[in-house]
Number of protein chains: 2
Amino acid sequence: MTTRPRRADSLRHTDPVDVRLQEALDALADPVRRSILRTLAGEPDFTCACGTFDLPVSKATASHHFAVLRAAGLLEQIDQGSRRLNRLRRVEFDARFPGLLPLVLDEDEPTG
Amino acid sequence: MTTRPRRADSLRHTDPVDVRLQEALDALADPVRRSILRTLAGEPDFTCACGTFDLPVSKATASHHFAVLRAAGLLEQIDQGSRRLNRLRRVEFDARFPGLLPLVLDEDEPTG
DNA sequence: TGCGATGTACGATAGCCATCGAACAGCCTG
DNA sequence: CAGGCTGTTCGATGGCTATCGTACATCGCA
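Keep in mind that what you see is a predicted model, and the values were worked out from it rather than measured. (Residues numbered from 1 in each chain as written. Chains lettered and ligands numbered in written order. Predicted model: local features only at pLDDT ≥ 70, side-chain atom pairs only at ≥ 80, totals over all residues. Heavy atoms only, no water.)

Draft legend 1. Structural detail: the protein's contact with DNA strand C. In the vicinity of DNA strand C there are 25 residues, among which Ser58 and His65 of chain A together with Gly51, Ser63 and Arg84 of chain B approach most closely. The sugar-phosphate share of atoms of DNA strand C within 4 Å of the protein amounts to 72%. Between DNA strand C and the protein, one listed contact pairs a phosphate oxygen with a backbone N or O atom of Ser58 of chain A at 2.5 Å. Here a phosphate oxygen of DNA strand C and a side-chain polar atom of His65 of chain A are 2.4 Å apart. Among the secondary structure elements, those contributing two or more residues to the surface near DNA strand C are α2 (31–41) and α3 (59–71) of chain A together with α3 (59–71) and β3 (83–88) of chain B. (Near = heavy atom within 4 Å. Polar contact = N/O pair within 3.5 Å; in protein donor to acceptor, adjacent residues only side chain to side chain. Helix = DSSP H or I, 4+ residues; strand = E, 2+ residues; numbered from the N terminus.)

Draft legend 2. Region of interest: the pattern of salt bridges. All names here are of chain A. Following the criterion strictly, the structure yields 14 salt bridges over all chains and no others. As a salt-bridge pair, Glu107 and Arg34 come within 2.9 Å of each other at their nearest N and O atoms. In this pair, Glu107 is assigned in the segment after α5 (100–105) and Arg34 in helix α2, connecting sequence segments 73 residues apart. Here the two residues Glu107 and Arg34 agree in accessibility, since each one is buried. Salt bridges sharing common partners tie together Glu76, Arg87, Arg89 and Glu92. (Salt bridge = Lys/Arg side-chain N within 4 Å of Asp/Glu carboxyl O. Buried < 20%, exposed > 50% of the residue type's maximum accessible area, 1.4 Å probe, protein only.)

Draft legend 3. Region of interest: the interface of chain A and chain B. Taken together, the contacts link 15 residues of chain A with 15 residues of chain B. Where chain A abuts chain B, roughly 1200 Å² becomes buried across the two surfaces, and 70% of that area is made up of carbon and sulfur atoms. Connecting chain A to chain B are zero salt bridges. Seen at the junction of chain A and chain B, the total is four residue pairs in polar contact (both at pLDDT 80 or more). Of all the elements in the fold, those that place two or more residues in the side of chain A that touches chain B are α1 (21–28), α2 and α5 of chain A. (Contact = heavy atoms within 4.5 Å. Buried area = accessible area lost by both parts, 1.4 Å probe.)

Draft legend 4. Highlighting the protein's contact with DNA strand D. Taken together, 23 residues are adjacent to DNA strand D, and Gly51, Lys59 and Ser63 of chain A together with Ser58 and His65 of chain B come closest. Each atom of DNA strand D within 4 Å of the protein belongs either to a base or to sugar and phosphate, the latter forming 74%. In the environment of DNA strand D, a phosphate oxygen lies 2.4 Å from a nitrogen or oxygen atom belonging to the side chain of Ser63 of chain A. Within the contact set of DNA strand D, a phosphate oxygen lies 2.4 Å away from a side-chain nitrogen or oxygen of His65 of chain B. When residues of the surface near DNA strand D are traced back to their parent elements, those giving at least two are α3 and β3 (83–88) of chain A together with α3 of chain B.

Draft legend 5. Molecular detail of the relation of the copies chain A and chain B. Of the transformation placing chain A onto chain B, the axial shift is 0.0 Å and the rotation is 180°, giving an RMSD of 0.0 Å. The symmetry that links the two subunits is that of a two-fold axis. Taking the C-alpha atom as reference, chain A places Gly99 of chain A closest to the rotation axis, 2.5 Å from it. Taken as a fraction of all interface residues of chain A, those also at the interface in chain B reach 100%, which identifies the copy contact as same-surface. (Least-squares fit on C-alpha atoms with pLDDT ≥ 70 in both.)

Here it is in structure tokens:
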């Protein structure tokens, strides 16, 4: 009935409203994930595919990190062909946890 | 030469200014530690000894958690006899990481 | 001086999670 | 359709850390 592609089955989004502080902190406690968020913050919405990030981990691990960030209400993803484009949920997440995301985005140290 | 008691040797404080976001998030990612902070926030400064907290862990583990919080610039401790009294470094920590501590203190769920 | 209370230090253990390679699936282009 | 690209899933592994019991140190008090 639905015309939605099979690929989207792995795209469960979590509304930031439903995210607990524990999950948010767990998600943000990883330096690789924070670097993903910072990169995303510097680009327009839905212009970064997962594979375009320069990360010090394998693509399997990177995929895991994107899933964690999505589950924590930190990003929205849409499929475009074989690519998965990302958007930082800046406003919604900041409404749920005021000030938390800015701390991450303003972090001056890139290495982690 | 110094008249400082031996006991204070285990009291290295970290100025919140010198704390990195990574350490802060690691410290706050533990539910036991967050419950310590919330308890502390509800009492006057330097009125809670470490042993007075009702925690679901052994005293050895509790001591470890207090050390982590102190190292993250989240609390100040002073010795009073055989007791160690605590103060939440609310203002200093909030100056370093604006908004972060309030998120923890306003956390409505006690279980973690 | 001896005892109980408070808290730290140490060594061991267990569970969690970041990580990886390999296999798999969808998508696009030649 | 074949091959390459993008991304997920799976099982295994290693490291980190929360946890504990025990031993130890310090302090106040009888």
